[in-house]
Structure formats: C-alpha cells, structure tokens
Amino acid sequence: MNGVHDMGGMHGLGPIVPEVDEPVFHHPWEGRVHAMTLASPTRSNIDAGRHQRELIPGPQYLAMTYYEKWFRSLCELLMKSGLATAEELARGRAAPGAAKGEPRFTAAEVAETMSRPASYVREAAAPPMFQPGDAVRCRNLNPPGHTRLPRYARGHTGEVAAWHGAQVFPDANAHGQGEDPRHLYTVRFTARELWGQAANPRDTVSLDLWEPYLEHA
C-alpha cells in the first residue's frame, strides 16, 4: 500500500542525523514494548504486524516514535485476534473470569528461543524466472495491502545479483492468505537509475525483491 511509512526517496523530510552512541532503548518502557511484542501470540506473523503499523494514519505516524508505533500495533492486533479487549488494555489487567491464554514461551525459555535461528525459506512450486545477471524491471504496482516493494523502485530497471530460493511472500502472509512462497532475489540498481543524473555514478542500491514484483527488462 502507498502511505507515509514508505518514505524512502521522499523529499522534504530533512537530512538523516545519526545519534552519537545511540542506546538500544531510549526509555525503559521501550524495552518492555519490544519484549511484549516478541512474546505475544500475534508475533507468529511478522508481516501482519508490519501491515498493522502501516495502517496508522499519516499525521499520527509521523508524530510517533518507533516504539510508540510498535505499542499501538500490538494493542490493535491483540484486539483483532480476540486476545484482549480495549477495556482490558486500558485497565492493564484481564477482566474477571477471562480465559487464560497459553504463554508463547516462559521466562526460562527466552534466551534459547530468541537465539534459535529461524528461516523463511520454503519449497517452491515452480523454478525461478530469473537468474543472476538478468536485467529486470520492478513492476509499477500499487496494491491496497501490504507489500515490500519500495515505491521509489517501481518502474526502474536493475540487475539480479543473487537468488535466495523461495521464501514466505509477505504480500499474502500479512493478510492471512498463507505463506504463498515465491522466489526472492537481490536486485542491484544504479543510484542514477533511481535518483537521476545528479546521483553519484559509482553508487548502487541493492534490494531484496520477490518474484511477483519483477519482470524481464
């Protein structure tokens, strides 16, 4: 979907100013939000979580900090999933007699669970359409739902740099349509292809893009 969250390449937002010695969390509550999100049953679908943050209205999205967006998304997913009500979230405790959910993992399991490698690689239903070295063009897609195709790359031509096998397709997974594995590629673009002749001719941008986003150039 097209929204303010897809701000790559947008003008007028000012320069990026890195914070010197930036801490992992600026406030203790941010760490708690991070932990709650990872422990929530809704975390089983990371694409749905990303899409939920994309649904935050633009003016609010721009005014919120990173973990404020995470917290809002978590609350809304918990309500959508029937795991909590708005009243329970406002009170900070379950309603009397509410059903108890099974924990995603216990405190003793956190370290092992979080260090366990995970993979989104899946079996493919068809062979890949592209090979490293192929010239490809990003389709000019404007889907109403979640997508990982950046707006600034749509319609532009690059070269396949690597193939990563079939992986979970976020455009389907975010909307409860199953994993729908599709082939994933790293595509390299020249900066001038994306930003015009004022860009440095030696610069390139590499994007990981799923097969449905691409066509032969």
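One can find the structure itself at the top, above this paragraph.
Computed from a prediction, not measured in an experiment: that's the story for all the values here.

Quick notes on the rules
- Residues numbered from 1 in each chain as written.
- Predicted model: local features only at pLDDT ≥ 70, side-chain atom pairs only at ≥ 80, totals over all residues.
- Heavy atoms only, no water.
- Helix = DSSP H or I, 4+ residues; strand = E, 2+ residues; numbered from the N terminus.
- Expected span 1.5 Å × (residues − 1).
- Contact = heavy atoms within 4.5 Å.
- Core = buried A, V, L, I, M, F, W, Y, C linked by side-chain atoms within 4.5 Å.
- Buried < 20%, exposed > 50% of the residue type's maximum accessible area, 1.4 Å probe, protein only.
- Pairing = 2+ DSSP bridges.
- Salt bridge = Lys/Arg side-chain N within 4 Å of Asp/Glu carboxyl O.
- Phe/Tyr/Trp six-rings, centres within 6.5 Å; stacked < 30°, edge-to-face > 60°.
- Axes fitted to C-alpha atoms, helices over the stretch in contact; angles between N-to-C directions.
- Parallel < 35°, antiparallel > 145°, perpendicular 65-115°, else oblique.
- Left-handed = near helix turned anticlockwise from the far one by under 90°.
- Nonpolar A, V, L, I, M, F, W, Y, C, P; charged D, E, K, R; others polar.

## Notes on helix H1 (residues 28-39)
Right, on to step 1. Here H1 contains twelve residues, and its C-alpha end-to-end distance of 17 Å stays within 8% of the 16 Å for a straight helix at 1.5 Å per residue.
Right, on to step 2. The secondary structure elements touched by the buried residues of H1 are helix H4 (66-80) and helix H6 (110-115).

## A few points about the nonpolar core
Right, on to step 1. Grouped together as the largest cluster of nonpolar side chains are 20 residues, with contacts concentrated most on Cys138, Val187, Phe189, Leu207, Leu209, Tyr213 and Leu214.
Right, on to step 2. The residues contacting Leu209, other than those within four sequence positions of it, are Cys138, Arg148, Leu149, Pro150, His183, Leu184, Tyr185, Val187, Phe189 and Leu214.

## Some points on the pairing of strand E3 (residues 157-167)
Right, on to step 1. Sheet topology places strand E1 (residues 121-122) next to E3; two bridges connect them, and they run antiparallel. Residue Val121 lies in a different strand from E3, and its bridge partner there is Gln167.
Right, on to step 2. Both strand E2 (residues 135-138) and E3 contribute to a ladder of three bridges, which runs antiparallel. If you follow Val136 over to E3, its bridge partner there is Gly158.
Right, on to step 3. Inspection of the sheet shows E3 paired to strand E4 (residues 182-190) by six bridges, in the antiparallel sense. Residue pairing in the sheet places Ala162 in a bridge with Thr186 of E4.

## Some words on the pattern of salt bridges
Right, on to step 1. Applying the stated criterion across every chain yields a total of eight salt bridges.
Right, on to step 2. For the salt bridge of Glu215 with Arg137, the shortest nitrogen-to-oxygen distance reads 3.6 Å. Of this pair, Glu215 sits in strand E6 (residues 214-216) while Arg137 sits in strand E2, and the two are 78 residues apart along the sequence.
Right, on to step 3. On the basis of relative accessibility, which here comes to 28%, the residue Glu215 falls in the partly exposed class.

## Quick word on the packing of aromatic side chains
Right, on to step 1. Within the structure shown, the criterion is met by eight aromatic pairs.
Right, on to step 2. Ring centres 5.6 Å apart and planes at 40 degrees place the aromatic pair Tyr66 and Trp70 in the tilted group. Pair noted here: Tyr66 and Trp70 are both in helix H4, with a separation of four residues, about one helical turn.
Right, on to step 3. Residue classification places Tyr66 among the exposed positions, given a relative accessible area of 51%.
Right, on to step 4. With a relative accessible area of 9%, Trp70 lands in the buried category.

## With respect to the side chain of Ser73
Right, on to step 1. On the secondary structure map, Ser73 appears in helix H4.
Right, on to step 2. Once residues within four sequence positions are removed from consideration, Ser73 is found in contact with Gly49, Gln52 and Arg53.

## A few points about the packing of H1 against H4
Right, on to step 1. Where H1 contacts H4, the axes come no closer than 10 Å and their chain directions differ by 40 degrees. Between H1 and H4, the angle falls in the class oblique. Between H1 and H4 lies a crossing whose hand is left-handed. Of the residues in H4, those touching H1 at Trp29, Glu30, Val33, His34, Met36 and Thr37 are Tyr67, Glu68, Trp70, Phe71 and Leu74.
Right, on to step 2. The residue makeup of the contact of H1 with H4, split by class, is seven nonpolar, two polar and two charged.

## As for unusual backbone geometry
Right, on to step 1. The backbone phi angle of Asp21 is positive, close to 55 degrees, even though this residue is not glycine.
Right, on to step 2. Topologically, Asp21 is positioned in the segment before H1.
Right, on to step 3. The backbone of Asp180 sits at a positive phi, close to 40 degrees, despite the residue not being glycine.
Right, on to step 4. Within the secondary structure layout, Asp180 lies in the loop between helix H7 (170-173) and E4.
Right, on to step 5. A relative accessible area of 30% places Asp180 in the partly exposed class.

## Notes on the packing of helix H2 (residues 46-54) against H4
Right, on to step 1. Contact geometry of H2 with H4 gives a least axis separation of 9 Å together with a crossing angle of 110 degrees. In terms of axis orientation, H2 runs roughly perpendicular to H4. H2 and H4 meet at a crossing whose hand is right-handed. Where H2 approaches H4, its residues Ala48, Gly49, Gln52 and Arg53 are matched on the opposing element by Lys69, Trp70, Ser73, Glu76, Leu77 and Lys80.
Right, on to step 2. Counted by class, the contact of H2 with H4 contains three nonpolar, three polar and four charged residues.

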